[in-house]
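So the chains spell out like this:
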Amino acid sequence: MSSIEAFSVPLSAEDISSAWLSALICDLSSPSFTLERSFTNDSYWRDLLAFTPDFRTLHPLPKIQQFFSVPISVAQPSQFRLLPGVRYRRIGPTKTFIQGIVQFNTAIAQCTGVFTLTQIEDSSWKAWSFVTMMDQLSGVVDRFVAHTPLCRPAEWNTVMEYTAVIVGAGQCGLSVAARLENLGISTLVLERSGAIGNSWRSRYESLETNTPKEYNHLPFVTFPEECGKYIPCRDVADYLENYQRTLGLHVLTLAHISAASYDASLSTWTLSISLSSKASITVTARHLIGAVGVGTTGGVLPFTPSISEKSSFLGSIIHSSEYKSSSCVGAQKVVVIGAGCSAHDIAQDTTNHGSQTVLIQRSPTAVVSRQTIDLFLAVYVGQDAPPIEIADRFYLALPLLAVQNFQYDTIHAHVDQDLRENLSRHGYLLPGPEDNFFHRLSVRRGGYYIDRGCANLITSGKITVKSGHEISHFSPSGLVFDDGSQVVADLIIFATGYSKTTIKQVAESLLGPQVADTVHDLGGLDSDCELAGVWRPTGHNGLWFAEGDLFSARFYSKFLALQIMAREMGLLSPDQRTYIPY
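Computed from a predicted model, the values in this text were never measured in an experiment.

### Quick notes on the overall build of the protein
Counting its secondary structure elements, the protein contains 17 helices and 26 strands. Relative to a compact globule of 582 residues, whose C-alpha radius of gyration would be 25 Å, the protein shows 26 Å and is just as compact. The dimensions of the protein, computed from C-alpha atoms along their principal axes, are 80 × 75 × 45 Å. Long-range pairs, those at least 24 residues apart, make up 65% of the contacts in the protein with a sequence separation of at least 6.

Quick look at the structure:
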């Protein structure tokens, strides 16, 4: 070893990141456009509007280079700068990355990029993942000022004109409205129920968020300081009501669309809106956003499987959507059919208040502890937590398509192993390693449980799990299974979810079959592992959909608003596949 090698100082994460950024700038400015100096061969690039007017994830390097060659030449990225906060990140027992954020400008916007660097065989560091996103369109100024409403008080008339109309005043509808009004786009929100937040108030009383408060704030208005770590459903409902009041958003309750038509030549919707105990009004708008809970519990019908001889049962039968609290049950024998979050919460509630509870698990359930969720969301919590906008970028630093490649090694095999083994010993069915919790959360979007205490009741024998056999039929005293075994019950609760609702079905119920025929019949993940038709183009001009939890409402509402603003500014090509610089 030479004296130079003996006394060399390892490069810091900042030094490595700065060297990588120089290589990236060199690659992007190369006449032949290559990314070989800055990206690994198996790399991923996710773009959220920075270079393309859509959400795209490309992999591996040849596809990245082929796809981004033209968009980057049009966007002319420049003024790259490395932000403070570059960090080493360990994912699983063996994988170490360097992550950081760069800011840059394009011909039409200010943007950021979150890079994830990995060390390759020659000891150099290259990007394994790069997530670029538009932050702000050039020349567009945010209107939000703290403690000041975004909107003037509404003047309600029988004929009104808005730039955008949103159907649904839940977390997604309100977040999109706030983002649009922040950009100066006039927006009206329609809510079918009598009050904002009713979709949360109508759930069982013990329901609360399974993620920390800091992860769940909506744009511009945070949850109150007095809220605990996990927020009860009624407090979420109150927060949504206060959100609308604070920002002055224009919301009509007890309102629904009774007729809709779209004039393609004018790019305009004409909506007839029925109001309870009031005269109908007509509203024109260039953009219509459905935020009625596509793929969630809002706006879909409770599902109860068909089981024979139901009329013979002498007890009571309800769906979980009808369950409010254990005070309505009393100490009796309760059977809960299902093994998702609601089923476990209800079983825990009834057991803690004196009922003998049996949980009937019809198929395997992926389980993870709240402590594990907290670890994955650690970037949001604590005195050293960055601003929420920065935390969001680090949280989504790896595209879903990339995460799947090392899921088993880093997530399933090393997380909550004792919890899973204890449940398994008590007859609880768990999925295989490739179908773990995070796969079900992000890809399947169902079939999981975040444990808030029910697992301990199962492993301590206070809740009995019945699994491995199908229900054959009802009996006067309960349920009979295909092996002849029986479960006695006074009350049977079907926590069996809700009927599946596609985007096309929602479009048809809102707007009729003619519009629905133009909408992509999707809503799951496309070939890029991006959510198809939600928060992005649907297949029909001027028609959008928004759905998801509080985090999704906060994060993706910004990109939906930017897409609408870009169209209002005339920044898209006629086929709407590329940007047109100023």
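### With respect to the packing of helix α9 (residues 388–395) against helix α17 (residues 550–568)
Contact geometry for α9 and α17: axes closest at 12 Å, N-to-C directions at 95 degrees. With respect to each other, α9 and α17 are oriented roughly perpendicular. Residue-level inspection shows Ile388, Asp392, Arg393 and Tyr395 of α9 in contact with α17, the latter providing Phe551, Arg554, Phe555 and Lys558. The residue inventory of the contact of α9 with α17, partitioned by class, reads 4 nonpolar, no polar and 4 charged.

### Comments concerning the sheet that holds strand β14 (residues 278–285)
With mixed pairing, the 4 strands of this open sheet are ordered in space as β8-β14-β13-β12. Each end of this open sheet is capped by a strand with a single partner; those strands are β8 (159–161) and β12 (255–263). Averaged over all adjacent pairs, the angle separating strand axes in this sheet is 20 degrees, with direction ignored. As defined by bridge partners, β8 adjoins β14 across 3 bridges and the pair is classed as parallel. Across the sheet, residue Val159 finds its bridge partner in β14, namely Thr282.

### Describing the packing of aromatic side chains
Counting across every chain of the model gives 31 aromatic pairs. Note on Trp45 and Phe68: the rings are 4.2 Å apart at their centroids and 20 degrees apart in plane angle, and the pair reads as stacked. Taken as a pair, Trp45 in strand β1 (residues 39–48) and Phe68 in helix α3 (residues 61–75) lie far apart in primary sequence, 23 residues in all. Judged on exposure class, the residue Trp45 and its partner Phe68 are both buried.

### Notes on the sheet that holds strand β25 (residues 491–494)
Strand order in this open sheet of 5 strands is β16-β25-β17-β18-β21, and the pairing throughout is parallel. Both edges of this open sheet fall to β16 (316–319) and β21 (463–467), since each of them pairs with a single strand only. Averaged over all adjacent pairs, the angle separating strand axes in this sheet is 20 degrees, with direction ignored. By the bridge criterion, 5 bridges tie strand β18 (residues 356–361) to β21 in an arrangement that is parallel. From the neighbouring strand, Val358 faces β21, where its bridge partner is Thr464. Each of β17 (333–337), β18, β21 and β25 is contacted by helix α7 (residues 341–352), which is oriented at about 165 degrees to β18, the strand it contacts most.

### Some points on the pattern of salt bridges
Inspection of the entire model under this criterion finds 15 salt bridges. Note that Arg370 and Glu208 form a salt bridge whose closest N and O atoms lie 2.9 Å from each other. Of this pair, Arg370 sits in helix α8 (residues 370–376) while Glu208 sits in the loop between α5 (198–201) and α6 (233–247), and the two are 162 residues apart along the sequence. Of the two residues, Arg370 and Glu208, neither departs from the other in class, the shared state being buried. A salt bridge links Arg452 to Asp345, with the shortest nitrogen-to-oxygen separation between them at 3.4 Å. Of this pair, Arg452 sits in the loop between β20 (448–451) and α14 (454–459) while Asp345 sits in helix α7, placing them 107 residues apart in sequence. Of the residues examined, Asp345 reaches a relative accessible area of 4% and is grouped as buried. Here the salt bridges do not stand alone but share partners, grouping Glu208, Asp345, Arg370 and Arg452 into one network.

### Details of α6
Here α6 spans 21 Å end to end across 15 residues, near enough to the 21 Å set by a 1.5 Å rise per residue. Residues of α6 that are buried: Cys233, Val236, Ala237, Tyr239, Leu240, Tyr243, Gln244 and Leu247. An end-on view of α6 places all buried positions within 160 degrees of arc, on one side of the element. Close packing links the buried residues of α6 with α4 (171–182), α5 and β11 (250–253). Where α6 terminates, the next one or two residues include Gly248, which has phi positive at roughly 70 degrees.

### Details of the state of the cysteines
A disulfide bridge is the covalent bond that connects two cysteines by way of their sulfur atoms. For the structure shown, the criterion picks out 0 disulfides. With no disulfide of its own, Cys341 has Cys454 as its nearest cysteine by sulfur position, at a separation of 11 Å.

Rules behind the numbers
Residues numbered from 1 in each chain as written. Predicted model: local features only at pLDDT ≥ 70, side-chain atom pairs only at ≥ 80, totals over all residues. Heavy atoms only, no water. Helix = DSSP H or I, 4+ residues; strand = E, 2+ residues; numbered from the N terminus. Rg over C-alpha atoms; globule rule 2.2 N^0.38 Å. Contact = heavy atoms within 4.5 Å. Axes fitted to C-alpha atoms, helices over the stretch in contact; angles between N-to-C directions. Parallel < 35°, antiparallel > 145°, perpendicular 65-115°, else oblique. Nonpolar A, V, L, I, M, F, W, Y, C, P; charged D, E, K, R; others polar. Pairing = 2+ DSSP bridges. Phe/Tyr/Trp six-rings, centres within 6.5 Å; stacked < 30°, edge-to-face > 60°. Buried < 20%, exposed > 50% of the residue type's maximum accessible area, 1.4 Å probe, protein only. Salt bridge = Lys/Arg side-chain N within 4 Å of Asp/Glu carboxyl O. Expected span 1.5 Å × (residues − 1). Arc of directions from axis to C-beta. Disulfide = S-S within 2.5 Å.

From the geometry alone we can't say anything about function, so treat these as descriptive.
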